[in-house]
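Below are the chains, spelled out letter by letter.
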Amino acid sequence: MIVESRSPLVKHIVNRLRDAGTDAAAFRALLRECARLLLAEAADALPVADRKITTWQGNFTGDFIDESKIVCVAILRAALPMQEGVLSSLDGIEGGFLAMKRDEETFQSHLYYNRVPDIEGKTVILVDPMVATGGSLHDALALLRTQNPARIISLNVIGAKEGVERVEKSFPDVAIHIAQIDPTLNKDAYIVPGLGDAGDRAYNTV
Ligand code: PRP
Ligand code: URA
């Protein structure tokens, strides 16, 4: 399932990210904020549990998100600020990391680090700002699936139409919450108009 955000605030953030004048510190802050807004849009699917707390008027039982059943997995490196955004809203959830690098000639993703905790029966929030060919997201989902999570939610900032549709075709039950779908890829498999290389822009590298 693909859910493209309709929020003007999310679109505003995406356009600030597209702006070549946005520096690395602002870029990371915008990724954090975008992830929190997308998380809010996806929150209906998160597990909840009653919890008893003591308030200024005595005991109170309320709905809380069941943080013990959620893991946020970041695809390094550009997703790190997104993961920070999610963890700033849900600071009791676990974090996991998959490091993937896309080969710039073949456009195949290569996994070079896997540090995902036990996700069996849990809700996984997978974050990665860019879905270009869809290869990285596809491979990450395929890997996570082998560990039997209860549900996977993907939070993404910009996706090329063909890449997002490719992922949806392989994983129709994954909810892909995306800020903006762009029309196409260029010959180097960069999203057009996109925002350039998200990892380089976030970390001042070229
Ligand atoms: C970027 C981005 C995605 C991937 C998208 O990462 O963060 O993971 O490219 O491309 P795809 O859909 O064609 O697979 P990259 O591999 O450049 O690594 P980086 O975050 O370390 O820069
Ligand atoms: N990775 C990015 O960071 N940007 C793109 O447009 C494509 C892949």
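Treat the numbers as computed from the prediction; the structure is a model and nothing was measured.

### Focus: the overall build of the chain
Each helix and strand counted, the chain has six helices and twelve strands in total. Computed over the C-alpha atoms, the radius of gyration of the chain is 17 Å, within 12% of the 17 Å expected from 2.2 N^0.38 for a compact globule of 206 residues. Taken along the three principal axes of its C-alpha coordinates, the chain extends 60 × 40 × 30 Å. Excluding contacts between residues fewer than 6 apart, the proportion of contacts in the chain whose partners are at least 24 apart in sequence is 64%. On the chain, roughly 10,200 Å² of surface is accessible, and the fraction owed to carbon and sulfur atoms is 51%.

### Focus on the packing of aromatic side chains
For the structure shown, the criterion picks out zero aromatic pairs. The aromatic ring of F64 is capped on one face by R51, whose charged end is 4.0 Å from the ring centroid. A cation over a ring is seen here: R102 above Y190, with NZ or CZ 5.3 Å from the ring centre.

### Comments concerning the site of ligand 2
The immediate surroundings of ligand 2 are formed by R102, M130, A132, A189, Y190, I191, G196, D197 and A198. One of the backbone N or O atoms of I191 is found 2.8 Å from an oxygen atom in ligand 2. The contact in question runs from an oxygen atom of ligand 2 to an N or O atom on the backbone of A198, over 2.8 Å. Calculation on ligand 2 without its partners gives an accessible area of 240 Å², and the protein chains cover 88% of this total.

### Here we look at the pairing of strand β2 (residues 48-55)
Within a regular strand, the side chains alternate between the two sheet faces. Judged by how many residues are buried, β2 sits mostly at the surface: zero of eight residues are covered. In this sheet, strand β3 (residues 58-65) lies alongside β2 in antiparallel orientation, the contact comprising eight bridges. Bridge pairing links T54 to N59 in β3. Counted between consecutive antiparallel strands, the loop separating β2 from β3 contains two residues.

### Overview of the pattern of salt bridges
Scanning the model with the defined rule gives twelve salt bridges in all. The shortest N-O distance in the salt bridge between E84 and R32 comes to 3.5 Å. Placement of the pair is E84 in helix α3 (residues 80-89) and R32 in helix α2 (residues 24-42), with a sequence separation of 52 residues. Take R32: its relative accessible area is 30%, and that puts it in the partly exposed class. Residues D200 and R77 are paired through a salt bridge, measuring 3.0 Å at the closest nitrogen-oxygen approach. A residue pair is termed long-range when its members are at least 10 positions apart, and D200 in helix α6 (residues 198-203) and R77 in the loop between β4 (70-76) and α3 qualify at 123 residues. Through salt bridges that share partners, K101, R102 and E104 make up one connected network.

### Some remarks on the site of ligand 1
Surrounding ligand 1, one finds 16 residues, the nearest of these being R102, D128, A132, T133 and S136. Residue T133 places a side-chain N or O atom 2.6 Å away from an oxygen atom belonging to ligand 1. When ligand 1 is considered free in solution it has 510 Å² of accessible area, and contact with the protein chains removes 96% of it. Sorting the residues of the shell around ligand 1 by element identifies β5 (94-102), β8 (130-131) and α4 (135-145) as the ones contributing at least two each. Its residues assigned to classes, the shell around ligand 1 shows six nonpolar, five polar and five charged.

### A few points about the nonpolar core
Core analysis: the biggest nonpolar cluster contains 37 residues, and L17, V86, I125, V127, L155 and V157 have the highest contact counts within it. Those elements that provide at least two residues to this core are α1 (8-18), α2, β4, α3, β7 (123-127), β9 (151-160) and α6. At eight residues, the largest contribution of residues to this core is made by α2. Leaving out residues up to four positions away in the same chain, V86 has contacts with A35, L39, C72, I93, I125, V127 and L155. Judged by nonpolar contacts, the second largest core, of 21 residues, contains L144, I152, V167 and F171.

Parameters at a glance
- Residues numbered from 1 in each chain as written.
- Chains lettered and ligands numbered in written order.
- Predicted model: local features only at pLDDT ≥ 70, side-chain atom pairs only at ≥ 80, totals over all residues.
- Heavy atoms only, no water.
- Helix = DSSP H or I, 4+ residues; strand = E, 2+ residues; numbered from the N terminus.
- Rg over C-alpha atoms; globule rule 2.2 N^0.38 Å.
- Contact = heavy atoms within 4.5 Å.
- Areas by Shrake-Rupley, 256 points an atom, 1.4 Å probe, with all protein chains shown as cover.
- Phe/Tyr/Trp six-rings, centres within 6.5 Å; stacked < 30°, edge-to-face > 60°.
- Lys NZ or Arg CZ within 6 Å of the ring centre and 35° of its normal.
- Near = heavy atom within 4 Å.
- Polar contact = N/O pair within 3.5 Å; in protein donor to acceptor, adjacent residues only side chain to side chain.
- Buried < 20%, exposed > 50% of the residue type's maximum accessible area, 1.4 Å probe, protein only.
- Pairing = 2+ DSSP bridges.
- Salt bridge = Lys/Arg side-chain N within 4 Å of Asp/Glu carboxyl O.
- Nonpolar A, V, L, I, M, F, W, Y, C, P; charged D, E, K, R; others polar.
- Core = buried A, V, L, I, M, F, W, Y, C linked by side-chain atoms within 4.5 Å.

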